[in-house]
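Summary of structural features
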Amino acid sequence: MAAENEVLLDVTRGGAAIVTLNRPDKHNAFNADIIARLSDIFETLRANTDEVRVVFLRGAGKSFSAGADLEWMKAAADWTHDDNQADALNLARMLKRLYDLPQTTIALVQGAAMGGGAGLMAACDVAVAVKDAKIRFSEVRLGLTPATISPFVVRAIGPRYARALFATGEGFDGEFAHKMGLAQYVVESADELDDMMEYLGKLAFQTAPGAVRDAKDLVDMVAGREINDDLLRKTAHQIADRRVSEEGREGLAAFLEKRKPFWTD
């Protein structure tokens, strides 16, 4: 029950899901219960694509998420290797569930986003960061590595920035996050996050849900691949599937008839 109060899920009648980390006194730090709750929420959202079109991830209070909870880290020091591996795998799988959501996912980041908190940013499709946000891959300062978040961070910012920031543990702000692609938008203050939420929500509701899902899969299919005939055929196959789909036919008809497609109703 405690975890239900510490991670809130609100779905608007219009189809926007707002997932809020609600431990402001702990700067929304993770523990095993929080990770399990997030994982369950993301699985629920995956199963409700007809009702939910966009997913926002927020932190209550001054911070987005300060990463691992200190008490949780203290307890882990006495666990066996197998216990630690199982625990870390739960975090990795939670991030993968977020990354795999078919809806557009948007992180709204203020204050601290440390370690796993920065991992949540990287696992979302879009991140909006306040200019003076405090972001850090801080694991090496604790004798650890950012292992579980690394697949998502490296995909978000590339190996060069990841190697530098993982190795140094250097902190950076929202502007630098924007510069290297961890955040797509930067705002002056936390008050402006609501405005960006409204703006990005409007964009999300102008898109066809199935096309969004396939567009996200498309990026994973072509990223890092050699541009050869096999890849060209796969991309041609995807657009052909889209053209004959219900959404594809409706989108073209709506454009030609100068009306809105059904997914914008």
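Here the structure is a predicted model, which is why all the values come from computation and not from measurement.

1. Concerning the sheet that holds strand β6 (residues 126-130)
An order of β1-β2-β3-β4-β6-β8 is seen for the six strands of this open sheet, with the pairing classed as mixed. Only two strands of the sheet have a single neighbouring strand rather than two, namely β1 (7-11) and β8 (185-187). On average, each strand axis in the sheet is inclined to that of its neighbour by 20 degrees, with strand direction left out of account. Bridge analysis of strand β2 (residues 16-21) against strand β3 (residues 54-59) gives six bridges, and the strand direction is parallel.

2. Side note on the packing of aromatic side chains
The final tally for this structure, using the stated rule, is six aromatic pairs. Their ring planes at 90 degrees and their centres at 5.8 Å tell us that Y161 and F176 sit as a pair that is edge-to-face. Here F176 lies in helix α7 (residues 174-180) and Y161 lies in helix α6 (residues 150-168), a separation of 15 residues in the sequence. The exposure class of F176 is partly exposed, given its relative accessible area of 26%. One aromatic cluster is present, formed by F137, Y161, F166, F172 and F176 through successive ring pairs.

3. Things to note about the pairing of β3
With six of six residues buried, β3 is to be regarded as a mostly interior element. By the alternation rule, side chains of β3 split into V54, F56 and R58 and V55, L57 and G59, which are all buried. The β-α-β motif built from β2, the intervening helix α2 (residues 32-46) and the parallel element β3 has right-handed crossover chirality. Pairing geometry for β3 and strand β4 (residues 104-109), over four bridges, is parallel. By the bridge assignment, V55 is partnered in β4 with T105.

4. Some remarks on α6
Between the first and last C-alpha of α6 there are merely 15 Å, a value that for 19 residues lags more than 12% behind the 27 Å anticipated at 1.5 Å per step. Taking the largest bend as the criterion, α6 deviates by roughly 120 degrees, centred on G158, and proline P159 comes between one and four positions later. Looking at the buried residues of α6, the elements they touch are α4 (81-99), α5 (116-123) and α7. Positive backbone phi, at 65 degrees, marks G169, one or two positions downstream of α6.

5. Examining a nonpolar patch on the surface
On the surface, L252, F255 and L256 cluster together into a nonpolar patch covering about 380 Å² of accessible area. One can find L256 in helix α11 (residues 246-256). Assessed through its relative accessible area of 59%, L256 is described here as exposed.

6. Digging into the nonpolar core
Among the nonpolar cores identified, the biggest contains 47 residues, and F137 and L182 are the most heavily contacted of them. Excluding its chain neighbours within four sequence positions, the residues that come into contact with F137 are A118, I149, V153, I157, L165, F166, G169, F172 and L182. A16, I18, I106 and M197 belong to the second-largest nonpolar core, a separate cluster that totals 15 residues.

Conventions we followed
- For every chain, the first residue of the written sequence is number 1, and numbering continues from 1 along that sequence.
- Local features are withheld for residues below a pLDDT of 70 in this predicted model, meaning they are given only at 70 or higher, and side-chain atom pairs are given and counted only at 80 or more; totals for whole chains, interfaces and linings count all residues.
- The side-chain values count all of the structure's non-hydrogen atoms but skip hydrogen atoms and water molecules.
- For two strands to be treated as a pair, DSSP must find at least two bridges joining them.
- Labels follow the DSSP assignment, with helices taken as runs of H or I lasting at least four residues and strands as runs of E lasting at least two, numbered in each case from the N terminus.
- To obtain each axis, a line is fitted to C-alpha atoms, and for helices this fit is confined to the stretch in contact; angles are then taken between N-to-C directions over 0 to 180 degrees.
- Here a pair means two rings of Phe, Tyr or Trp (six-membered ring of Trp) with centres within 6.5 Å. Their orientation is stacked below 30 degrees between planes, edge-to-face above 60, and tilted elsewhere.
- Three exposure classes are used, based on accessible area relative to the maximum for each residue type with a 1.4 Å probe and protein chains only: buried under 20%, partly exposed in between, and exposed over 50%.
- Orient the strands so they point away from the viewer, and a crossover whose first-strand-to-second-strand path over the helix runs clockwise is right-handed.
- To estimate the expected span of a helix, count its residues, drop one, and scale the result by 1.5 Å.
- In this scheme, the bend at a residue equals the angle between the axes fitted to the seven residues that finish there and the seven that begin there.
- Here, residues are in contact when the closest pair of their heavy atoms is within 4.5 Å.
- A patch is a set of surface residues, each over 30% in relative accessible area and not in a salt bridge, joined within 9 Å for like charges and within 5 Å for the nonpolar side chains Val, Leu, Ile, Met, Phe, Trp and Tyr.
- Per-residue and other accessible areas follow the Shrake-Rupley method at a 1.4 Å probe size, with only the shown protein chains counted as cover for residues.
- Salt bridges are counted wherever a side-chain nitrogen of Lys or Arg sits within 4 Å of a carboxyl oxygen of Asp or Glu.
- We define a nonpolar core as any set of buried Ala, Val, Leu, Ile, Met, Phe, Trp, Tyr and Cys residues linked to one another through side-chain atoms lying within 4.5 Å.

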